[in-house]
Amino acid sequence: MICRRRPPLTVTAATPSNGAVMAQDASGPGFKDINLTFSNLVTGIRANDFSVLSSNIGGAPKVAGIKPSGSPAINANLTLSRPLTPAERITIIHKPSNVSLCLGYLPGDVTGDGRVLGADASMLSGVLAGTQSRPSYSTDINRDGVTNQADSTRLNELFSGANGAERWLGRTLPACPAAPLGASPAPANATLGSFQST
């Protein structure tokens, strides 16, 4: 009898994608649910197959659950124990493949570059004019389900601290959390940076 081993399971894509930064205001939660696409069928995957690092001094969320989805099941929905908090970055690591995914939450960071600057207002203006494209978590600043002029107004409030909003202009996100000293570092090709969003 010939026994064939399945190739190792590797994460090939994610939604939100690697490096994604939520720019919505702090009136609601940050990222909590992530859809992962794998190199082959997802069988026997467990929450313990993942670790999460955070820039939050209160500690990182845990992987609360992972559920295969789709047909064939090469996707899985990963749920964190809590959503990201404003000004937080996390790194989710699939331990068997050592592939990592970095996500952030910075209200007002429409460009997703980890900084809240005037360029964010310019990007949102481009989206409203139809000359730029960004995901809704970057442009629906006021969280009403549509991107429109009200989001530009809310972004200006985040810039200035008007109408009870916390002032975010000039704030930055920390770098993506790295493995602690003594842990084996991920190989240079082990991030999802070169993969497409699903």
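Residues numbered from 1 in each chain as written. Predicted model: local features only at pLDDT ≥ 70, side-chain atom pairs only at ≥ 80, totals over all residues. Heavy atoms only, no water.

Asks: Talk me through the pattern of salt bridges; I want residue IDs and the actual numbers.
Replies: It is possible for side chains of opposite charge to pair when their charged atoms get near one another. Overall, the coordinates contain seven salt bridges when judged by the stated rule. Where D113 meets R115, a salt bridge forms, and the shortest distance between an N and an O atom there is 3.1 Å. Note that E166 is salt-bridged to R171, the shortest N-O span being 2.7 Å. Of the residues examined, R171 reaches a relative accessible area of 30% and is grouped as partly exposed. Because the salt bridges share partners, they merge into one network encompassing D25, R143, R154 and E157. (Salt bridge = Lys/Arg side-chain N within 4 Å of Asp/Glu carboxyl O. Buried < 20%, exposed > 50% of the residue type's maximum accessible area, 1.4 Å probe, protein only.)

Asks: Describe the sheet that holds strand β5 (residues 63-69), naming the residues involved and giving the relevant values.
Replies: Taken in spatial order, the four strands of this open sheet run β1-β3-β6-β5, and their pairing is antiparallel. Edge positions in the sheet fall to β1 (11-15) and β5, since each has one partner strand and no second. In this sheet, neighbouring strand axes are inclined to one another by 25° on average, regardless of whether the strands run parallel or antiparallel. Relative to strand β6 (residues 75-80), strand β3 (residues 33-38) is paired through five bridges, and the arrangement is antiparallel. Following the sheet pairing, I34 is matched in β6 by L78. (Pairing = 2+ DSSP bridges. Helix = DSSP H or I, 4+ residues; strand = E, 2+ residues; numbered from the N terminus. Axes fitted to C-alpha atoms, helices over the stretch in contact; angles between N-to-C directions.)

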